[in-house]
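# Structure assessment
This is what each chain is made of:
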Amino acid sequence: MECIFCKIANKEIKSDIVYEDELLVAFKDIKPVAPTHVLIIPKKHIDGVQALKEEDEALVGKMIVKAKEIADQLGLKEGYRLVFNIGEHGGQTINHIHLHVIGGRPLMWPPG
Ligand code: AMP
Ligand code: ZN
């Protein structure tokens, strides 16, 4: 298997896991852009938002609810940002769907 996030999900590659259940894994981003930067992925490989199917609705819903729970646990009381980067213009570098949870400092808008 070539996909780095599949390898993280099945522990072939070490990561700093902050949450795991039967469907999802959340781990710290190796190159954090803010004091808190966690990635939430499904264990199932999906290329990205661009590849979602109707059958993935519940799974993506769980990713977002879990992002909220992790943000609460990490004490991001002042707010935070949830980001899906999609495709080349969206800045997606890893083709396994992942939700960024970014916080711990004021974030700029609009993005670059
Ligand atoms: P994106 O640009 O949306 O595709 O985000 C990919 C993210 O994965 C980047 O923020 C990277 O820093 C992060 N990343 C890449 N490799 C690893 C890894 N082995 N462990 C944790 N995060 C990683
Ligand atoms: Zn994958």
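Here the structure is shown first, and the text comes after it.
A brief structural summary. Within each chain, residues carry numbers counting from 1 in the order of the written sequence. A letter from A marks each chain and a number from 1 marks each ligand, given out in the order of writing. Note on the predicted model: pLDDT of at least 70 is required for a residue's local features to be given, and 80 or more for side-chain atom pairs to be given and counted; whole-chain, interface and lining totals, by contrast, use all residues. Excluded from the side-chain calculation are hydrogens and water; included are all heavy atoms of the structure.

### Focus: the overall build of the protein
To keep things clear, this is the line we draw: A run of DSSP states H or I qualifies as a helix once it reaches four residues; a run of E qualifies as a strand once it reaches two. Both are numbered from the N-terminal end. The quantity called the radius of gyration is restricted to C-alpha atoms. Its globule counterpart is 2.2 Å times the number of residues to the power 0.38. Three labels apply to residues, based on accessible area from a 1.4 Å probe with only protein chains included: buried if under 20% of the type maximum, exposed if over 50%, partly exposed otherwise in between. Any two residues whose heavy atoms approach within 4.5 Å are treated as being in contact. Under the counting rule used here, the positive set is Lys and Arg, the negative set is Asp and Glu, and His together with the chain ends is not counted. To locate a charge, the coordinates of NZ of Lys, CZ of Arg, CG of Asp or CD of Glu are taken.
Assigned secondary structure in the protein consists of 3 helices and 5 strands. The globule rule puts the C-alpha radius of gyration for 112 residues at 13 Å, and the 14 Å found for the protein is close to it. Across its three principal directions, the C-alpha atoms of the protein cover 35 × 30 × 25 Å. Residue burial in the protein is summarised as follows: out of 112 residues, 37% are buried. Contacts in the protein between residues at least 24 apart in sequence constitute 52% of all its contacts with a sequence separation of at least 6. In the protein, 14 side chains carry a positive charge and 16 a negative one; their mean positions are 6 Å apart.

### A word on the site of ligand 1
Let me state the cut-off plainly: For this description, a residue counts as near a given molecule or strand if any of its non-hydrogen atoms is within 4 Å of it. A 3.5 Å cut-off defines polar contacts: any pair of N or O atoms within that distance qualifies, except that in protein one atom must be a possible hydrogen donor and the other a possible acceptor, and neighbouring residues in sequence count only when both atoms are side-chain atoms. Only the protein chains shown count as covering a residue, and every accessible area follows the Shrake-Rupley method with a 1.4 Å probe. In this analysis a 1.4 Å probe is tested at points of a 1 Å grid over the protein atoms alone, and where it fits but cannot get out there is a cavity; an open set with protein on both sides within 12 Å along at least five of seven lines is a pocket; lining residues have an atom within 4 Å of a point. What decides whether a molecule sits in a cavity or pocket is whether more than half of its atoms lie within 2 Å of the grid points. Residue classes follow a fixed rule: Ala, Val, Leu, Ile, Met, Phe, Trp, Tyr, Cys and Pro count as nonpolar, while Asp, Glu, Lys and Arg count as charged, and any other residue, Gly among them, counts as polar.
Residues in close proximity to ligand 1 total 16 residues, the closest being Asp29, Asn85, Thr93, His98 and His100. Between ligand 1 and Asp29, the relevant distance is 2.5 Å, taken from an oxygen atom to a side-chain nitrogen or oxygen of the residue. Take His100: an N or O atom from its side chain is 2.8 Å from an oxygen atom of ligand 1. For ligand 1, whose unbound accessible area comes to 510 Å², protein coverage reaches 84%. A majority-of-atoms criterion places ligand 1 in the largest pocket. Examining the composition of the shell around ligand 1, we find that 3 residues originate from one element, helix H1 (residues 4–9), more than from any other. Here the residues of the shell around ligand 1 sort into 7 nonpolar, 6 polar and 3 charged.

### Focus: the coordination of the zinc ion (ligand 2)
Note the threshold: Keep in mind that water is not among the atoms, so a site may look incomplete; donors are the N, O and S atoms within 2.8 Å of the metal, or 3.2 Å for Na, K and Ca. A site with four donors is called tetrahedral when every donor-metal-donor angle falls between 85 and 135 degrees; four donors are called square planar, and six octahedral, when opposite donors sit more than 155 degrees apart and all other angles fall between 65 and 115; any other arrangement is irregular.
Taken together, Cys3 (SG), Cys6 (SG), His45 (ND1) and His96 (ND1) make up the full set of protein donors to the zinc ion (ligand 2), lying 2.0 to 2.3 Å away. Geometry at the zinc ion (ligand 2) is tetrahedral, judged from the 4 donor atoms that bind it and their angles of 104 to 117° at the metal. Spacing between the donor residues of the zinc ion (ligand 2) along the chain follows C-x2-C-x38-H-x50-H. Placement of the pair is Cys3 in the segment before H1 and His96 in the loop between helix H3 (87–90) and strand S5 (99–103), with a sequence separation of 93 residues. For the residue pair Cys3 and His96, the accessibility class agrees, reading buried in each case.

### Points about the pattern of salt bridges
When charged atoms on two side chains of opposite charge get close, those side chains can pair. Note the following rule: Salt bridges, as used here, are contacts in which a Lys or Arg side-chain nitrogen is within 4 Å of a carboxyl oxygen on Asp or Glu.
This structure, assessed with the given rule, holds 7 salt bridges. Residue Asp56 pairs with Lys44 through a salt bridge whose shortest N-O separation is 2.6 Å. Separated by 12 residues along the polypeptide, Asp56 in the loop between strand S3 (36–42) and helix H2 (57–73) and Lys44 in the loop between S3 and H2 bring together distant segments of the chain. We classify Asp56 as buried; its relative accessible area is 3%. For Lys44, a relative accessible area of 39% translates into the label partly exposed. Of the charged contacts, one joins Asp72 and Lys68 as a salt bridge, the two residues approaching to 2.5 Å between their closest N and O atoms. Linking Asp72 with Lys68, this pair stays in helix H2, spanning 4 residues, or about one helical turn. Put simply, Lys11, Glu20 and Lys43 are held in one network by salt bridges that share partners.

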